[in-house]
Amino acid sequence: MPLIAITDVKKRFGENEVLKGINIDVEPGEVIAIIGKSGSGKSTLLRCINGLENIDEGSILVAGAHLAPDEASLKALRLKVGMIFQQFNLFPHLSAGRNVMLSQMVVKNTPKDEAEAMARRMLDRVGLGHRFDAFPDQLSGGQQQRVAIARALAMQPIALLCDEITSALDPELVAEVLAVVKELAADGMTLLMVTHEMQFARDVCHRVVFMHEGRVHESGPPEDVFGAPQTPELRQFVGRH
């Protein structure tokens, strides 16, 4: 049974239909890259999976539970599915460690000492155990993004959604963030990533989904999608990257 089942999902903003019937099943432990031009609906799809946007038609199941728009359902969903954004969204007045502790304490009511132990473990996991007391403005962009990943991991999600998590970074900082994601993939974390990092998609992902104008245009193993694109749109996209 898929961990995440997306069935005929449609999403409109006013007259503009951004998602035009998306079907994707995500198996446990699968790492999927979602690629495509800006405006093809990639980020909107992730936001729908995490309940940040309501869908207009279709259904999304996460671990067998239907995605429903009420607060209790959304809270339960976000405990299962973590999301990491382009911008790090760290609280500037809190240290790295406190940033990782906060959501555990607020959302899960985790006692402070337990939240701190988890925060130290997760910062260790992303290579920042030594920066527990550093504030965001004392960290590079890559380090801040790794803190954001640690914060998501501290909630012990069954899947992570990554929305262009390297696009706000200087090129020399991209590799350190992708190395952490690669390690998570190797550990069996289910990952759904919107990314422009084509080499990463080739090397690490089990499947690549090419979205074009609100639809899944092509989908398959990286060697097929990049090596033998079936449509002019994908050939053109791959040619530019």
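Residues numbered from 1 in each chain as written. Predicted model: local features only at pLDDT ≥ 70, side-chain atom pairs only at ≥ 80, totals over all residues. Heavy atoms only, no water.

1. Some thoughts on the side chain of Asn99
Counting through the fold element by element, Asn99 comes out in helix 3 (residues 96-107). Taking the relative accessible area as the measure of exposure, Asn99 reaches 2% and is therefore buried. Engagement of the side chain of Asn99 in a polar contact is seen with the backbone nitrogen of Phe91, the distance being 2.8 Å. Residues contacting Asn99, with those up to four places away along its chain left out, are Leu90, Phe91, Leu94, Pro136, Val147 and Arg151. (Helix = DSSP H or I, 4+ residues; strand = E, 2+ residues; numbered from the N terminus. Buried < 20%, exposed > 50% of the residue type's maximum accessible area, 1.4 Å probe, protein only. Polar contact = N/O pair within 3.5 Å; in protein donor to acceptor, adjacent residues only side chain to side chain. Contact = heavy atoms within 4.5 Å.)

2. Describing the packing of helix 4 (residues 112-125) against helix 5 (residues 141-154)
Orientation of helix 4 relative to helix 5, taken along the N-to-C sense of each, is 130 degrees, at an axis distance of 9 Å. As summarised for this structure, helix 4 and helix 5 are arranged oblique, according to the angle between their axes. In this structure, helix 4 crosses over helix 5, and the sense of that crossing is right-handed. Facing Met118, Met122, Leu123 and Arg125 of helix 4, the residues of helix 5 in contact are Val147, Ala150, Leu153 and Ala154. (Axes fitted to C-alpha atoms, helices over the stretch in contact; angles between N-to-C directions. Parallel < 35°, antiparallel > 145°, perpendicular 65-115°, else oblique. Left-handed = near helix turned anticlockwise from the far one by under 90°.)

3. A closer look at a nonpolar patch on the surface
Taken together, the side chains of Phe91, Leu102 and Val106 make up a nonpolar region of the molecular surface, amounting to roughly 250 Å² of accessible area. Overall, Val106 belongs to the exposed group, its relative accessible area being 56%. (Patch = residues over 30% accessible without salt bridge, like charges linked within 9 Å, V, L, I, M, F, W, Y side chains within 5 Å. Areas by Shrake-Rupley, 256 points an atom, 1.4 Å probe, with all protein chains shown as cover. Salt bridge = Lys/Arg side-chain N within 4 Å of Asp/Glu carboxyl O.)

4. Observations regarding the packing of aromatic side chains
Two descriptors summarise a pair of aromatic rings, namely the distance from one centre to the other and the angle between the planes of the rings. Applying the stated criterion to the full structure yields one aromatic pair. Stacked on the ring of Phe132, the Lys or Arg Arg120 has its end atom at 3.8 Å from the ring centre. (Phe/Tyr/Trp six-rings, centres within 6.5 Å; stacked < 30°, edge-to-face > 60°. Lys NZ or Arg CZ within 6 Å of the ring centre and 35° of its normal.)

5. Here's the deal with the pattern of salt bridges
Pairs can form between side chains of opposite charge whenever their charged atoms are close. Here the structure, examined in full by the defined rule, presents nine salt bridges. For Arg146, the salt bridge goes to Glu176, with nearest N and O atoms at 2.6 Å. One end of the pair, Arg146, is in helix 5; the other, Glu176, is in helix 6 (residues 171-186), and 30 residues separate them in sequence. For Glu176, a relative accessible area of 24% corresponds to the partly exposed category. Where salt bridges share partners, they join Lys10, Arg12, Glu17 and Glu57 into one cluster.

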